[in-house]
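# An overview of the molecular structure
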Amino acid sequence: QVQVVESGGGLVQAGDSLRLSCAVSGHSSLTQIMGWFRQAPGKGREFVAYITSGGANTKYGDSVKGRFTISRDNAKNTVYLQMNSLKPEDTAVYYCAARPRGGGDYTIGRQYSYWGQGTQVTVSS
């Protein structure tokens, strides 16, 4: 059984920074790939970033590239999303997700098996 729990969301102003955390429990083989996704009101789910098990490989969505950084601390079973230079359009519920390494596209949400409950990030202008 894998559990994914996000934390760290909140209300910030444009230009501020925020760090989200994602605590993961369960067999490591099931959580080799960790991803962050977000969903704004009235919009579909959007890929934000993913990181592989050793942290060597990361990828970012175009809208956050250069501003967000994903990292993981396997000793703490935690994945982080450092968000800098936040914009109002970053307002969304942010979800952390996990899946095993394997085929498919790690930027596609439906290919992730385990999801957290989400954490709200609101950026005011």
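Up top you'll find the structure we're talking about.
Notes on the structure follow. (Residues numbered from 1 in each chain as written. Predicted model: local features only at pLDDT ≥ 70, side-chain atom pairs only at ≥ 80, totals over all residues. Heavy atoms only, no water.)

### Overview of the sheet that holds strand 7 (residues 68-73)
Working definition: the strands of a sheet are paired by backbone hydrogen bonds and lie parallel or antiparallel to each other. The strand order across the open sheet formed by four strands is 1-3-8-7, and the pairing between neighbours is antiparallel. A single partner strand is all that each edge strand has here, and the edge strands are strand 1 (3-7) and strand 7. For this sheet the average axis-to-axis angle between neighbouring strands, irrespective of direction, equals 15°. Pairing of strand 7 with strand 8 (residues 78-83) involves six bridges; the strand directions are antiparallel. Directly across from phenylalanine 68, in strand 8, lies its bridge partner methionine 83. (Pairing = 2+ DSSP bridges. Helix = DSSP H or I, 4+ residues; strand = E, 2+ residues; numbered from the N terminus. Axes fitted to C-alpha atoms, helices over the stretch in contact; angles between N-to-C directions.)

### Observations regarding the packing of aromatic side chains
Counting across every chain of the model gives seven aromatic pairs. Arranged with centres 5.7 Å apart and planes meeting at 65°, the rings of phenylalanine 37 and phenylalanine 47 form a pair that is edge-to-face. Residue phenylalanine 37 is found in strand 4 (residues 33-39), and its partner phenylalanine 47 is found in strand 5 (residues 45-51); the two are separated by 10 residues along the sequence. Each member of the pair phenylalanine 37 and phenylalanine 47 is classed as buried. Considering the side-chain rings of phenylalanine 37 and tyrosine 112, the 5.2 Å spacing of their centres and the 75° angle between planes classify their relative orientation as edge-to-face. Of this pair, phenylalanine 37 sits in strand 4 while tyrosine 112 sits in the loop between strand 9 (92-99) and strand 10 (114-115); the two residues are 75 residues apart in sequence, bridging distant segments of the chain. (Phe/Tyr/Trp six-rings, centres within 6.5 Å; stacked < 30°, edge-to-face > 60°. Buried < 20%, exposed > 50% of the residue type's maximum accessible area, 1.4 Å probe, protein only.)

### Brief notes about the environment of arginine 45
Checked against the element boundaries, arginine 45 lands in strand 5. Excluding its chain neighbours within four sequence positions, the residues that come into contact with arginine 45 are Phe37, Arg38, Gln39, Gly109, Arg110 and Trp115. (Contact = heavy atoms within 4.5 Å.)

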